[in-house]
Structures are given as structure tokens and as C-alpha cells.
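# Architecture and fold: a report
These are the residues of each chain, in order.
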Amino acid sequence: MTSDGVWPAQFEITDRAAVLVLSDLRALRYLTPFLLGAHTLTSAAELLQRPPSTVAYWIPRFVRVGLLVHLGDQQRAGMPMPRYRAPGRQLVVPFGALPVERRALLLDGGRMRVLRQFLDGLDEAVERDASLSLGFSSDAPHSFAVEMVESDAERAVRGYTDAWMSVRLTADDARQFSRDLEAVIERYVARDVGRRDRGKRYLVHAGIAPEPKVRWRSANDEVP
């Protein structure tokens, strides 16, 4: 058996074939044991609780595109068992190396699942809040606004918020806005430590992004 050697904390993946395999969630599940450490086919199958024949289907594909490294063979009675490991503890793909449709498939499912939970929780909170109303207004033909109507005093005591808007910012403003949002999130995430049995769990949605130059997911949406 060869020495396992140094295992990098990160390893960049740029080869298109490797990127396509790595960003396939079905394949990624079978790669996970090898991101934790060195495994044989048998030990990986035991960790995944899947038949060895299923794991055996994926190992040659991972090796072929460079997502697994052969570390040598584990000696045993009978045939030696090859040992494999991912080339790094974390495999890093430059975002631009992911095809747009693969980005959407990989990320949007999780985004939309959390967003749906967020909207369910928001609707329940708003329904319980007797102080809120919906305001409908217009400042031009074919243009309208729908917004929450409440007083400053009512706003000060509610424990939820929801804001979606388009804001014109300079590049410097956008960078600072982004940092400010992240700082607020980090501050409250730090407070979460040790509060396992206290308080209520909240879903947090915060973000800022430039308006897209190419409308891909939103190609068929009406432009407000």
C-alpha cells in the first residue's frame, strides 16, 4: 500500500467532464465518502449503506475524470482492495466553469425550497398581525404598487420583515451594502451559538445582486 501523503484542503476542478460529474447531485452522493477520507469500494458502500455494485458503477467514472485518486491497494485474503480518495478535502469549481443550466439545477432546488418555507412562515406571521394592511396605489397608467401599510410604532414591534425592491446604487454603494448585510447576518448567527433550547427558529433571506444583462430563468417574466 502506498503512503496517503499530504491531502490538500482544497483542490480546483476545471476540466469540463469533471465539472459535469461533480455538479451532478446523483453522482455527488457517491463521492461523499471519498471527501471524508480514503476508502475501498466495500468501506464506501458500507458508509453510504448502498450495494457495492452501485458504488462500483461510479468509482471508474470518478477516477477517469480526476475526482478520485488511487492511493494503493489494501492487502487482504484474496484480491487486494484498491483505496481511493478525492484529490482534496474540498473540491472547488470556479463559478464560471459551471454551465448555466447546471448552476440552476444544482442551486435553484435548495433556494426555492427555503424560499417556499420563508413565504409560508411570512404569510402565517402577517395573518396573525391585525395591525397590517395591504396598500394598492398607482403613479402612472399601467403601473401599480402593492405594499404593506403600517405605522412606525407597529413596525418597531414586529418580528419579521420582507422587502423586494430595485435600487440604483454606485459600485461602491453596492459593495458596502453587501458587506453591511453580511455583517448583520454574522452578528446574529453568532448569537445563535448556545441557544439550542431558547427562542424560535427564523428563516432569513437577505441578498443584493445586479440586474441581469441576460434574462435566462426570467426570460418569460413580465418586466415591471
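Our subject is the structure listed above.
To keep things clear, this report deals only with the structure shown in the data block. Nothing here was measured: the structure is a model prediction, and the numbers come from that model.

### With respect to the packing of helix α2 (residues 25-36) against helix α3 (residues 41-48)
Remark: α2 packs on α3, axes separated minimally by 9 Å, with the N-to-C direction vectors making an angle of 115°. If you check the angle between α2 and α3, you find them roughly perpendicular. Remark: the crossing between α2 and α3 carries right-handed chirality. On α3, the residues that touch Arg-29, Tyr-30, Thr-32, Pro-33, Phe-34 and Leu-36 of α2 are Ala-44, Leu-47 and Leu-48.

### A closer look at helix α5 (residues 100-128)
Taking 1.5 Å as the rise per residue, α5 with 29 residues should run 42 Å; its terminal C-alpha atoms sit 40 Å apart, in good agreement. Within α5, the axis deviates most sharply at Leu-107, by approximately 40°. Those residues of α5 lying buried are Arg-102, Ala-104, Asp-108, Leu-115, Phe-118, Leu-122 and Ala-125. Of the surrounding secondary structure, the elements contacted by the buried residues of α5 are α1 (16-22).

### Side note on the packing of α3 against helix α4 (residues 52-65)
Packed helix pairs are specified by the crossing angle of their axes together with the interaxial distance, meaning the distance between the axes. At a closest axis distance of 9 Å, the pairing of α3 and α4 adopts a crossing angle of 115°. Seen from above, α3 lies across α4 with right-handed handedness. Residues Leu-41, Ala-44, Ala-45 and Leu-48 of α3 touch α4, and the partners they reach there are Pro-52, Val-55, Ala-56 and Ile-59. Residues that form the contact of α3 with α4 fall into these classes: eight nonpolar, no polar and no charged.

### Remarks on the nonpolar core
Within the largest apolar cluster, 22 residues are counted, with the highest numbers of intra-cluster contacts made by Ile-13, Leu-31, Phe-34, Phe-62, Leu-67, Leu-68 and Leu-91. Looking at this core, the elements with two or more residues in it are α1, α2, α3 and α4. The greatest single-element share of this core, amounting to five residues, is contributed by α4.

### What to know about the pattern of salt bridges
For the structure shown, the criterion picks out seven salt bridges. With a shortest N-O distance of 3.6 Å, Arg-155 and Glu-150 are connected by a salt bridge. The residue Arg-155 makes a salt bridge to Asp-152 at a minimum N-O spacing of 2.8 Å. Here Arg-155 pairs with Asp-152, and both are found in helix α6 (residues 152-157), just three residues apart, close to one helical turn. Owing to a relative accessible area of 60%, Asp-152 belongs among the exposed residues under this scheme.

### Section: the packing of aromatic side chains
Any two aromatic rings considered together are summarised by their centre-to-centre distance and by the angle between their planes. Taken as a whole and judged by the stated rule, the model has three aromatic pairs. Where Tyr-57 meets Trp-58, the ring centres are 5.1 Å apart and the plane angle is 90°; that geometry is what we call edge-to-face. Note on Tyr-57: relative accessible area 40%, which makes it partly exposed. When the ring of Trp-58 is compared with that of Phe-62, the centres are 5.8 Å apart and the planes differ by 20°; the resulting orientation is stacked. Here Phe-62 and Trp-58 lie together in helix α4, a separation of four residues that amounts to about one turn. For Trp-58, a relative accessible area of 8% puts it in the buried group. Of the residues examined, Phe-62 reaches a relative accessible area of 1% and is grouped as buried. In this arrangement the basic side chain of Arg-158 is found over the ring face of Tyr-160, its NZ or CZ atom lying 5.4 Å from the centre. Stacked on the ring of Tyr-188, the Lys or Arg Arg-191 has its end atom at 4.5 Å from the ring centre.

The rules behind the values
- In every chain, residue numbers begin from 1 and rise along the written sequence.
- With pLDDT at 70 or above as the cut-off, local features in this predicted model cover only qualifying residues; side-chain atom pairs require 80 or more to be listed or tallied, and sums for whole chains, interfaces and linings still use all residues.
- Note: side-chain values were computed over all heavy atoms of the structure, leaving out hydrogens and water.
- Here an axis means a line fitted to C-alpha atoms, over the contact stretch when the element is a helix, while the angle between two N-to-C directions is reported on a 0 to 180 degree scale.
- Strands are runs of DSSP state E lasting at least two residues, helices are runs of H or I lasting at least four, and both sets are numbered from the N terminus onward.
- Oblique is the label for any angle not covered by the other classes, which are roughly parallel (under 35 degrees), roughly antiparallel (over 145) and roughly perpendicular (65 to 115).
- It is the rotation of the near helix from the far one that decides the hand of a crossing: anticlockwise by less than a right angle makes it left-handed, clockwise makes it right-handed.
- We call two residues in contact when some of their heavy atoms are within 4.5 Å.
- In this analysis, the expected span of each helix is defined as 1.5 Å times one less than the number of residues it contains.
- A residue's bend is given by the angle between axes fitted to the 7 residues ending at it and the 7 residues starting at it.
- To sort residues, take the accessible area from a 1.4 Å probe on protein chains only and compare it with the maximum for the residue type: under 20% means buried, over 50% means exposed, and anything in between is partly exposed.
- Residues are grouped as follows: Ala, Val, Leu, Ile, Met, Phe, Trp, Tyr, Cys and Pro are nonpolar; Asp, Glu, Lys and Arg are charged; all remaining types, including Gly, are polar.
- In these notes, a set of buried Ala, Val, Leu, Ile, Met, Phe, Trp, Tyr and Cys residues joined through side-chain atoms within 4.5 Å is what counts as a nonpolar core.
- Think of a salt bridge as a Lys or Arg side-chain nitrogen and an Asp or Glu carboxyl oxygen that are within 4 Å of each other.
- Only the six-membered ring of Trp is used, alongside the rings of Phe and Tyr, when aromatic pairs are assigned; centres must lie within 6.5 Å, and planes under 30 degrees apart are stacked while those over 60 apart are edge-to-face, with the rest tilted.
- Only Lys NZ and Arg CZ are tested; either one counts as a charge over a ring when it is within 6 Å of the ring centre and within 35 degrees of the ring normal.

So, to be careful, I would describe these as geometric facts and stop short of saying anything about function.
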